[in-house]
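Inside the fold
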Amino acid sequence: MKRSISAEWLKLRHSRIGLVLAVLPVISLLIGCTNYYFNQGALQNSWFSLWTQVSLFYGEFFLPILIAICCSYVCRLEHLNRNWNMILASPVSVASVFLAKLIVVSILILFAQALFMALYWLAGNLFTLPGPFPVETIGWTIRGWYVSLSISALQLGLSLRIRSFATPIGINLCAVLIGLAMYTAKLGIFFPFSLLTIGMCVLSQNKLTDIQNILSWMVNMAYIIIFASMSIRWLRSDDIVSS
């Protein structure tokens, strides 16, 4: 496993994925801050009002897209020059290959979440918002990262199956829309993309009950296990055709 993770980092060493990880949070903050600036008369809840604006675009659209881009990128080299054949012929288990990619993607997304929080804190200070920094937002960001693990497991499975870089990202966008519909229908706790909305308190900052909190963590863990198991089983049983 350690060797597999090291190999994944080596692939990313000279890539531009770090630029993508930085640009998308910055864009979402700029859009959210612009909305907040021009609507300060209606947004009177200080730090929490700013959070509703910046997290709306980030949590609903930019973060899921970022996850899909990272997953497609870490699978990109395997689909070139018959690299899958070499990987599967190496003395490394299929589970290690998949889990190494999942761990690397999770670290990349954790970096994006930390950057988003730092930018949110900076924006709040630039707006000279009254009151202390809301520590609740740190918990919301961590929950968003945890939910991103199930989405990452799903996207990795798609990126392993589909050689196209863009197709899994397009599927991701469709899932985002389904997630919004599920959230509106009060069924969001049963769908990973809706769980991201709930976890980061994007559309509502109401505190989850203990039962809702436990259920969301259990459902998300179940999705991580299901998606990871399906992908690993497929890698073990199906022939992979690499270009």
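All values reported here derive from a predicted model rather than from experimental measurement.

**Some points on the pattern of salt bridges**
One pass over the full model with this rule turns up two salt bridges. A salt bridge links Lys101 to Glu8, with the shortest nitrogen-to-oxygen separation between them at 3.1 Å. You can see Lys101 sitting in helix H5 (residues 94-126) and its partner Glu8 sitting in helix H1 (residues 2-12), a full 93 residues away along the chain. Look at Glu8 and you get buried, because its relative accessible area is 5%. Several salt bridges share partner residues, and in doing so they unite Glu8, Lys11 and Lys101 into one network.

**Notes on the packing of aromatic side chains**
Aromatic ring pairs: the centre-centre distance and the angle between the two ring planes describe each pair. Going through the model one piece at a time under the given rule, you end up with 13 aromatic pairs. Their ring planes at 75° and their centres at 5.7 Å tell us that Trp47 and Tyr120 sit as a pair that is edge-to-face. You can see Trp47 sitting in helix H3 (residues 46-74) and its partner Tyr120 sitting in helix H5, a full 73 residues away along the chain. Residue classification places Trp47 among the buried positions, given a relative accessible area of 5%. Judged by relative accessible area, which is 0%, Tyr120 ranks as buried. Seen from their ring centres, Tyr223 and Phe227 are 5.4 Å apart, and the 20° between their planes marks the pair as stacked. One end of the pair is Tyr223 and the other is Phe227, both in helix H9 (residues 210-237) and four residues apart, which spans about a single turn. For Phe227, a relative accessible area of 15% gives the class buried. Members of the aromatic cluster, connected to one another through ring pairs, are Trp47, Phe48, Trp51, Tyr58, Phe116, Tyr120, Phe133 and Trp140. Looking at Arg76, its charged tip hangs above the ring of Tyr73, at a distance of 4.7 Å from the centre.

**Describing the side chain of Ser28**
Locating Ser28 in the fold gives a position in helix H2 (residues 17-38). Overall, Ser28 belongs to the buried group, its relative accessible area being 0%. Ignoring any residue separated from it by four or fewer positions in sequence, one finds Ser28 in contact with Val54, Phe57, Tyr58, Phe62 and Phe116.

**Considerations on helix H7 (residues 166-184)**
For H7, built from 19 residues, the straight-helix expectation of 27 Å at 1.5 Å per residue is met to within 8% by its first-to-last C-alpha distance of 28 Å. For H7, the set of buried residues is Pro168, Ile169, Asn172, Ala175, Val176 and Gly179. End-on view of H7: buried residues confined to an arc of 115°, all on one side of the axis. Exposed positions of H7 whose direction lies more than 90 degrees from the buried face are Ala166, Leu177 and Thr184. On its buried face, H7 is in contact with H3, helix H6 (136-161) and helix H8 (192-199). Of the residues one or two after H7, Lys186 is the one with positive phi, at around 65°.

**A word on a nonpolar patch on the surface**
On the surface, Met1, Trp9, Leu99, Ile103 and Ile107 cluster together into a nonpolar patch covering about 390 Å² of accessible area. Among the elements that make up the nonpolar patch, the one with the highest residue count is H5 (three residues). With respect to the helices, strands and loops of the structure, Leu99 is situated in helix H5.

**Some words on the nonpolar core**
By size, the foremost hydrophobic cluster in this structure holds 68 residues, and its most contacted members are Leu50, Trp51, Cys70 and Met200. Discounting chain neighbours no more than four positions away, the residues touching Cys70 are Ile17, Leu21, Val105, Leu108 and Ile109.

Scoring rules and cut-offs
Residues numbered from 1 in each chain as written. Predicted model: local features only at pLDDT ≥ 70, side-chain atom pairs only at ≥ 80, totals over all residues. Heavy atoms only, no water. Salt bridge = Lys/Arg side-chain N within 4 Å of Asp/Glu carboxyl O. Helix = DSSP H or I, 4+ residues; strand = E, 2+ residues; numbered from the N terminus. Buried < 20%, exposed > 50% of the residue type's maximum accessible area, 1.4 Å probe, protein only. Phe/Tyr/Trp six-rings, centres within 6.5 Å; stacked < 30°, edge-to-face > 60°. Lys NZ or Arg CZ within 6 Å of the ring centre and 35° of its normal. Contact = heavy atoms within 4.5 Å. Expected span 1.5 Å × (residues − 1). Arc of directions from axis to C-beta. Patch = residues over 30% accessible without salt bridge, like charges linked within 9 Å, V, L, I, M, F, W, Y side chains within 5 Å. Areas by Shrake-Rupley, 256 points an atom, 1.4 Å probe, with all protein chains shown as cover. Core = buried A, V, L, I, M, F, W, Y, C linked by side-chain atoms within 4.5 Å.

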